[in-house]
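Okay, here's what each chain looks like letter by letter:
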Amino acid sequence: MNTFEHGGDIHNFAKSINCKVEEIIDLSSNINFIKPEINCDFNTLSISSYPKYEELYRSIANNYNVKDFELELYNGGSSAIFTLFRHLNLNHCTIYSPAYLEYKKACTIYKYDYNLINRLERLDVPLEKNSLVIFVNPSTPDGTLYDIEKLLDFWNKQGATVLIDESFLDFTEGVSSVKYIHRYERLYVLKSMTKFYSSAGIRVGTIISNKLNIDELKKFEPMWKLSSFDSAYLQEALKDKKFKKVARAINVKNKIYLEKILQNSNLVDYIFNSSANFVLARLKKYTAKQLQEELKKYKIMIRDCSNFDFLDEKFIRVAVKSQNNLDSLKKALDAISK
């Protein structure tokens, strides 16, 4: 795999096996398969004038129980990450890994020295002075949900600037780190709207911090960076008050089913306990690439995790999807294992 390659490249996958995109069962992408109810006629949107964002800021602030001046919006989560790296202008980064690969990419682009802490083994590793700490909670690709408070105390005592990536927290009942933004002055929390609201094509990411930090971030932002379509879609999605509860319940139910499929397969050696909408598994005899090739016969995509730090060619990630999609996976694994 390429160093920074992600899952979800459904178009190239379909091309490689000469079929239609609609025929693919994409279990490599961790985008919510449940969608919010959208009651908006996008044909009626006024796009002849520049967009206003006041209502969008208020909607997202209410959703995360913060003030609208305690957040800044970006053209997607990756854009938020890159902007923060550029703005902080630090020299060193500590990434608790395995982690979202864009963090290593940001270090490379903005010339940060970095070190990786294998969080699967231990967390209490001393930090380099004035380091930017990156911690994803729940983590990727394993979905572990951590108790952050003790870690925040540990990082604060070492003078670190901290970014907590909560892109998958909405899938859980976990407590957000936004409750600590007034206790720790160098704390930033990333909220990607893409994952839970099933909107990879709607490019809105959020950084939450105290007002002083957000004011500094805003100084370098363009006046217009999100489209009227992005804004309208998310505002409508956030109006669906039943969505969070329903989406969480269905994802939990289907995740339990997915875990049983993997546990009962003689292709799988071990699965990780996940709180998110995906499951990390270690294979027995197959490598991830070999299993990917076998699953092509069934038009099924899974994520090869060999380019995550501290994982090898035996690790795969499988996303929680519909019952029918998971039934197809079960049939495919059963056939391959015979």
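Above this note sits the structure.
Residues numbered from 1 in each chain as written. Predicted model: local features only at pLDDT ≥ 70, side-chain atom pairs only at ≥ 80, totals over all residues. Heavy atoms only, no water.

A. Quick peek at a nonpolar patch on the surface. Side chains of Tyr50, Met223 and Trp224 sit close together on the surface and give an oily, nonpolar patch of about 410 Å² of accessible area. With respect to the element layout, tyrosine 50 can be found in the loop between strand S1 (25–26) and helix H2 (54–63). Residue classification places tyrosine 50 among the exposed positions, given a relative accessible area of 59%. (Patch = residues over 30% accessible without salt bridge, like charges linked within 9 Å, V, L, I, M, F, W, Y side chains within 5 Å. Areas by Shrake-Rupley, 256 points an atom, 1.4 Å probe, with all protein chains shown as cover. Salt bridge = Lys/Arg side-chain N within 4 Å of Asp/Glu carboxyl O. Helix = DSSP H or I, 4+ residues; strand = E, 2+ residues; numbered from the N terminus. Buried < 20%, exposed > 50% of the residue type's maximum accessible area, 1.4 Å probe, protein only.)

B. Structural context of the environment of tryptophan 224. Structurally, the position occupied by tryptophan 224 is in the loop between helix H7 (211–218) and helix H8 (228–239). Counting along the chain gives 139 residues from tryptophan 224 to phenylalanine 85, while the straight-line C-alpha distance between them is 21 Å. Apart from residues lying up to four places away in sequence, tryptophan 224 is in contact with Tyr50, Pro51 and Tyr53. (Contact = heavy atoms within 4.5 Å.)

C. Structural detail: the sheet that holds strand S9 (residues 268–271). Here 4 strands make up an open sheet; going across it, the order is S9-S10-S13-S12 and the pairing antiparallel. Edge positions in the sheet fall to S9 and strand S12 (303–304), since each of these pairs with one other strand and no more. Pairing of S9 with strand S10 (residues 278–283), which is carried by 3 bridges, proceeds in the antiparallel orientation. Bridging from a neighbouring strand, tyrosine 270 pairs with arginine 282 of S10. Along the sheet, helix H9 (residues 243–263) contacts S9, S10 and strand S13 (315–319); its crossing angle with S10, the most-contacted strand, is approximately 5°. (Pairing = 2+ DSSP bridges. Axes fitted to C-alpha atoms, helices over the stretch in contact; angles between N-to-C directions.)

D. Structural view of the pairing of strand S6 (residues 161–165). Across the 5 residues that make up S6, a large majority, 5, are buried. Across the two faces of S6 the burial is the same, with Thr161, Leu163 and Asp165 and Val162 and Ile164 all buried. Handedness of the crossover is the feature at issue here: the chain leaves strand S5 (residues 131–136), passes through helix H5 (residues 149–157), returns alongside S6, and the resulting connection is right-handed. (Right-handed = clockwise from strand over helix to strand, strands pointing away.)

E. Molecular detail of the packing of H2 against H8. One can describe the packing of H2 onto H8 by two numbers: an axis separation of 10 Å at closest approach and a directional angle of 35°. Crossing handedness for the pair H2 and H8: left-handed. Residues Glu55, Leu56, Ser59, Ile60 and Asn63 of H2 touch H8, and the partners they reach there are Ser231, Leu234, Gln235 and Leu238. Taken together, the residues of the contact of H2 with H8 break down into 4 nonpolar, 4 polar and 1 charged. (Left-handed = near helix turned anticlockwise from the far one by under 90°. Nonpolar A, V, L, I, M, F, W, Y, C, P; charged D, E, K, R; others polar.)

F. Expanded view of the state of the cysteines. Considering all chains together, one arrives at 0 disulfides under this definition. A disulfide-free cysteine, cysteine 93 has its sulfur positioned 3.8 Å from the sulfur of cysteine 107, the nearest such atom. (Disulfide = S-S within 2.5 Å.)

G. Expanded view of the packing of aromatic side chains. Under the defined criterion, the tally for this structure stands at 16 aromatic pairs. For the pair phenylalanine 82 and tyrosine 110, a centre-to-centre distance of 6.3 Å together with 75° between the ring planes defines the contact as edge-to-face. On the criterion of sequence distance, the pair formed by phenylalanine 82 in helix H3 (residues 77–88) and tyrosine 110 in the loop between helix H4 (102–109) and strand S4 (113–118) is long-range, its members being 28 residues apart. Looking at tyrosine 110, the relative accessible area reads 24%, which means it is partly exposed. Ring centres of phenylalanine 196 and tyrosine 197 lie 5.4 Å apart, and the angle between their planes is 90°; this geometry places the pair in the edge-to-face category. Neither phenylalanine 196 nor tyrosine 197 differs from the other in exposure class; each is buried. We note lysine 225 situated over the ring of tyrosine 74; from NZ or CZ to the ring centre the distance is 4.3 Å. Taking the ring centre of phenylalanine 278 as reference, the NZ or CZ of arginine 317 above it sits at 5.5 Å. (Phe/Tyr/Trp six-rings, centres within 6.5 Å; stacked < 30°, edge-to-face > 60°. Lys NZ or Arg CZ within 6 Å of the ring centre and 35° of its normal.)

H. Layout of H8. Spanning 12 residues, H8 covers 17 Å between terminal C-alpha atoms, matching the ideal 16 Å at 1.5 Å per step. With 10 of its 12 residues buried, H8 lies for the most part within the structure. Taken together, the buried positions of H8 are Ser228, Asp230, Ser231, Ala232, Tyr233, Leu234, Gln235, Glu236, Ala237 and Leu238. Here the buried face of H8 lies against H2 and helix H6 (193–196). (Expected span 1.5 Å × (residues − 1).)

I. Spotlight on unusual backbone geometry. Look at the link from serine 97 to proline 98: it is a cis peptide, with omega at 0°. Along the chain, proline 98 falls in the loop between strand S3 (92–97) and H4. At lysine 111, a residue that is not glycine, the phi angle is positive and equals roughly 60°. Turning to its location among the elements, lysine 111 is positioned in the loop between H4 and S4. Using a relative accessible area of 69% as the deciding quantity, one classes lysine 111 as exposed.

J. Quick look at the pattern of salt bridges. For the structure shown, the criterion picks out 21 salt bridges. Between arginine 183 and glutamate 149 there is a salt bridge, with the nearest N and O atoms lying 3.0 Å from each other. Of the two residues, arginine 183 sits in the loop between S6 and strand S7 (187–192) while glutamate 149 sits in helix H5, which places them 34 residues apart along the sequence. Note that aspartate 334 is salt-bridged to lysine 330, the shortest N-O span being 3.0 Å.

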